[in-house]
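# Structure at a glance
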There are 2 protein chains.
Amino acid sequence: MASTRVALLGATGETGTSILNELLKDDKFSIVALIRPSSLQKPSVQAFRQKGIEIRGLDLEAPLQTLVAALKDIDILISAIGPMALLTQIPLATAAKEAGVKRFVPCAFITIAPPDGIMLLRDEKEKVYNHIKKIYLPFTVIDVGWWYQGAFPKLPSGKIDYMTGAGSMNLLCLDGNTPSALTDLRDIGKYVARIIVDDRTVNKYVFTYNEVWTPNQIYDKFEDMSGERPLRKYLSEKEIQDDIISVKQALDANPSDTGSMIMRFIREYQFSWGIRGDNTPEYAKFLGYISSKELYPDLEFRDFGTYLKEVLDGKATPVYASSKDSLTDLVAG
Amino acid sequence: MASTRVALLGATGETGTSILNELLKDDKFSIVALIRPSSLQKPSVQAFRQKGIEIRGLDLEAPLQTLVAALKDIDILISAIGPMALLTQIPLATAAKEAGVKRFVPCAFITIAPPDGIMLLRDEKEKVYNHIKKIYLPFTVIDVGWWYQGAFPKLPSGKIDYMTGAGSMNLLCLDGNTPSALTDLRDIGKYVARIIVDDRTVNKYVFTYNEVWTPNQIYDKFEDMSGERPLRKYLSEKEIQDDIISVKQALDANPSDTGSMIMRFIREYQFSWGIRGDNTPEYAKFLGYISSKELYPDLEFRDFGTYLKEVLDGKATPVYASSKDSLTDLVAG
């Protein structure tokens, strides 16, 4: 059987790494990492070669025909690009159409949220989805919920500061009872490897998630497992809204203020999943998503309780720790 | 069995009339016509009473609680409002959510087209759909293709000027070979009566259409049936684009210029279905629509050939003939 040639954009990011690791386990894929020219010499990129990954330099701002040439032998194009560069996917999609790419998986990989004014991050993605639809390019949108890796509180002893950071605020939205779908970052690639060769997911939105928890359930469980009582600070809707207004004002004054942009993304995430309660399987279904539970009932994912034990045992891997791009990758999903 | 209470907005328009006529044939529906206060005394509205339709005056710009009160006993709300008032559906949807309406069918009822810059009419509707999604209101979007009633050319003898108008230009886009889905306006209500009580269509987009024809196929068929040779004037993409630019300039200068707005709608329709080829079952499927062919294979619709004979026999009914709102209704779909 001929292999399926998959090109991956953002292969060194958190989501990209998860996808890459899982695609590598399956012989049917041959993988091309699309790397910006300025990153070609990075050790993390050079390490790809040892794994049999083809490295292809690509400047996303190159002329269309350069993009087309880079994609001409690609069957499936997956983008896990950072949140600050989402709109570069628009010319990329145009090129993918012209190159005959059979399926484009644009950078979704976030929580479930509706478009149009709730989350800027979601709205930027919507512009890409709308472009894909206008050019009639086969696609799959994959959203993944919130990562396990960012879903537990700091403990008073500091023993898990290696994961949360010492300054973690342990914020819960409203009364802490809003359910939200969680996924182990490492499992995202497993879902993606299934989805991209599944005819049922062509031109569809797919929601992959492992388990649904409320913040209070997580804190209770973690308290029980650790024997420590984490601080709980409850945020009202007004506090979150006021913060969003402030960061928008800061961005109006200085649109290139990356710190404010990241804060905006974080607060809008909290508003969406913590206040509105958007990040649930039920709302995903309402919005037209197919669920991974329905598509892949046999897929073995990591359970959240076991993951929390890994964290307490000092065996979990921090996210954004090794990358100098960490800030801009922070909310890539 | 308790009847299903359906409220209809725009009941005197072309699409509204089709829907009303078909709902009236089914005893399970009790119908409420939502009528703007200034139209309550119109004979066409008064005639509703004789048919057992409840007439309820409603000013769409009323305070939210007034809208909620008007909808509090409604199971299903259908909007066939005109294209100039689409955004009044936003507070209406909010009220429907608060009133506990079980399903909202917003005013779609047009050709298949993607959102975001192709057709202003489609983009206005998208704002309403996005609002519905944000407030988690159960919905069904129903698009219907192009009407039979506007899909055939004027004949040189003038014998069907009663349908086309004497000034009809007989315009075909490009080479006249772009397929487009057609529906008899009178059949729209048949589809709607099925869809609104069908659990498979909750929170879905549905494409209802009768047959797919290219303009050349239509002209050839009509030539064959009539023995007359209709003029064929082919429009290039550039001609349509230039017209769109002109009407946009006219609208920039005078946003309330209804004539230019109508012309914009018409030319953007032509661009979408005639140039881009958007109005097809295949593209609808790509965009996530379920097809009426799949849902209701047994539904008996009128075939286009028979309809053309009606037209030639002088037995067809002109659209927009009786309404003083004709211009604003023209592109309601």
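Residues numbered from 1 in each chain as written. Chains lettered and ligands numbered in written order. Predicted model: local features only at pLDDT ≥ 70, side-chain atom pairs only at ≥ 80, totals over all residues. Heavy atoms only, no water.

Turning to the UniProt feature "domain: NmrA-like" (unreviewed entry) in chain A, a few remarks are in order. On the UniProt side, "domain: NmrA-like" (unreviewed entry) is annotated at positions that read residues 4-248 of chain A here. Helix and strand shares over residues 4-248 of chain A are 38% and 19% respectively, and the end C-alpha atoms of the span are 43 Å apart. (UniProt positions renumbered as here; feature names shortened; annotations may be inferred. Helix = DSSP H or I, 4+ residues; strand = E, 2+ residues; numbered from the N terminus.)

Residues and elements named next belong to chain A. Partitioning chain A into domains gives domain 1 (4-146 + 184-207) and domain 2 (147-183 + 211-279 + 302-319). In this structure, domain 1 and domain 2 have C-alpha centres spaced 27 Å apart. Taken residue by residue, the interface counts 24 residues in domain 1 and 25 residues in domain 2. Buried area between domain 1 and domain 2, both sides added, is near 2,400 Å², and the carbon and sulfur share of it is 60%. Its largest share of buried area at the contact with domain 2, domain 1 owes to Leu 120, Trp 146 and Asp 184, together 33% of the area lost on that side. Taken together, the links from domain 1 to domain 2 amount to two salt bridges. With a shortest N-O distance of 3.2 Å, Glu 310 and Arg 186 are connected by a salt bridge. Across the domain 1-domain 2 interface, the total number found is eleven residue pairs in polar contact (both at pLDDT 80 or more). Taken together, the elements giving at least two residues each to the side of domain 1 that touches domain 2 come down to α1 (14-24), α5 (120-134) and α7 (185-195). Of all the elements, α7 adds the most residues to the side of domain 1 that touches domain 2, at six residues. Its residues placed into classes, the side of domain 1 that touches domain 2 shows 16 nonpolar, three polar and five charged. (Domains from an automatic or database assignment. Contact = heavy atoms within 4.5 Å. Buried area = accessible area lost by both parts, 1.4 Å probe. Salt bridge = Lys/Arg side-chain N within 4 Å of Asp/Glu carboxyl O. Polar contact = N/O pair within 3.5 Å; in protein donor to acceptor, adjacent residues only side chain to side chain. Nonpolar A, V, L, I, M, F, W, Y, C, P; charged D, E, K, R; others polar.)

On to the relation of the copies chain B and chain A. Overlaying chain B on chain A yields an RMSD of 0.0 Å, the required transformation being a rotation through 180° with an accompanying axial translation of 0.0 Å. Here the copies are linked by what is in effect a two-fold axis. In terms of C-alpha distance to the rotation axis, chain B has Gly 288 of chain B as its closest residue, with the C-alpha 4.3 Å off the axis. Here 100% of the interface residues in chain B have copies in chain A that are interface residues too; the copies meet face to matching face. (Least-squares fit on C-alpha atoms with pLDDT ≥ 70 in both.)

A few words on the sheet that holds strand β5 (residues 103-105) of chain A. All names here are of chain A. Reading across the sheet, the five strands line up as β3-β2-β1-β4-β5 and stay open at both edges, with parallel pairing between neighbours. The open sheet has two free edges, formed respectively by β3 (54-57) and β5, since each of these has just one partner strand. The sheet shows a mean angle of 20° between the axes of neighbouring strands, direction not considered. Both strand β1 (residues 4-9) and strand β4 (residues 76-79) contribute to a ladder of four bridges, which runs parallel. Looking at β4, one finds that Ala 7 is bridged to Leu 77. (Pairing = 2+ DSSP bridges. Axes fitted to C-alpha atoms, helices over the stretch in contact; angles between N-to-C directions.)

Following the sequence through the fold, Asn 203 of chain A ends up in the loop between α7 and β10 (204-207). Not counting residues up to four positions away in its chain, the partners in contact with Asn 203 of chain A are Leu 137, Pro 138, Phe 139 and Thr 140 of chain A together with Phe 286 of chain B.

A word on the pattern of salt bridges. All names here are of chain B. Tallied over the full model, the rule gives 52 salt bridges over all chains. For Lys 25, the salt bridge is made with Glu 22, and the minimal N-O distance between the two is 3.0 Å. With a relative accessible area of 61%, Lys 25 lands in the exposed category. Judged by its relative accessible area of 11%, Glu 22 falls in the buried class. (Buried < 20%, exposed > 50% of the residue type's maximum accessible area, 1.4 Å probe, protein only.)

A word on the interface of chain B and chain A. A common measure of how large an interface is: the accessible area buried when the components associate. In this complex, chain B contributes 19 residues to the contact, which on the side of chain A involves 19 residues. A buried area of about 1,700 Å², summed over both sides, lies between chain B and chain A, and 57% of it is on carbon and sulfur atoms. Broken down residue by residue, the surface that chain B buries against chain A is led by Lys 134, Tyr 136 and Phe 286 of chain B, which jointly contribute 42%. At the junction of chain B with chain A, the criterion picks out two salt bridges. Salt-bridge contacts for Lys 134 of chain B lead to Asp 116 of chain A; the nearest nitrogen and oxygen are separated by 3.9 Å.

With that settled, consider the pairing of strand β3 (residues 54-57) of chain B. Residue and element names in this part refer to chain B. Note that strand β2 (residues 29-35) and β3 share four bridges and pair parallel. Following the sheet pairing, Ile 35 is matched in β3 by Gly 57. Tracing the backbone out of β2, into helix α2 (residues 43-50) and back to the parallel element β3 gives a crossover that is right-handed. (Right-handed = clockwise from strand over helix to strand, strands pointing away.)

On to the nonpolar core, then. Judged by nonpolar contacts, the single largest core of 180 residues is most densely connected at Ile 78 of chain A together with Ile 78 of chain B. Not counting the four nearest positions on each side in its chain, Ile 78 of chain A is found in contact with Val 6, Ala 7, Leu 8, Leu 9, Ile 19, Leu 23, Val 105, Phe 109, Val 192 and Ile 196 of chain A. (Core = buried A, V, L, I, M, F, W, Y, C linked by side-chain atoms within 4.5 Å.)

Residues and elements named next belong to chain B. Running from N to C, helix α3 (residues 64-71) and helix α4 (residues 89-99) point in directions that differ by 55°, and their axes come no closer than 8 Å. Classified by the angle their axes make, α3 and α4 are oblique. Between α3 and α4 the crossing geometry is right-handed. Contacts between α3 and α4 involve Leu 64, Gln 65, Leu 67, Val 68 and Leu 71 from the first element and Pro 91, Leu 92, Thr 94, Ala 95, Ala 96, Glu 98 and Ala 99 from the second. Split into classes, the residues belonging to the contact of α3 with α4 amount to nine nonpolar, two polar and one charged. (Parallel < 35°, antiparallel > 145°, perpendicular 65-115°, else oblique. Left-handed = near helix turned anticlockwise from the far one by under 90°.)

Residue and element names in this part refer to chain A. If you check helix α10 (residues 258-276), its first and last C-alpha atoms are 25 Å apart, about what 19 residues at 1.5 Å a residue would give, namely 27 Å. Counting buried residues along α10, 14 of its 19 residues qualify, which places the element largely inside the surrounding structure. Two to three positions downstream of the cap, the backbone nitrogen of Gly 259 sits 3.2 Å from a side-chain oxygen, assigning the N-cap of α10 to Asp 257. Gly 277 sits one or two positions beyond α10 and adopts a positive phi of about 75°. (Expected span 1.5 Å × (residues − 1).)

On to the sheet that holds β3 of chain B, then. Residue and element names in this part refer to chain B. In space, the five strands of this open sheet follow the order β3-β2-β1-β4-β5, with parallel pairing throughout. Because the sheet does not close on itself, it has two edges, and the strands there are β3 and β5 (103-105). The mean angle between the axes of side-by-side strands here comes to 20°, regardless of whether they run parallel or antiparallel. Pairing analysis gives six bridges linking strand β1 (residues 4-9) to β2, with the strands arranged parallel. Note on β2: the bridge partner recorded for Ala 7 is Val 32.

Residue and element names in this part refer to chain B. By secondary structure assignment, the location of Ile 19 is in helix α1 (residues 14-24). For Ile 19, a relative accessible area of 0% puts it in the buried group. Sequence separation between Ile 19 and Val 192 is 173 residues; the distance between their C-alpha atoms is 6.7 Å. Setting aside chain neighbours within four positions, we find Ile 19 in contact with Leu 8, Ile 78, Phe 109, Ile 188, Gly 189 and Val 192.

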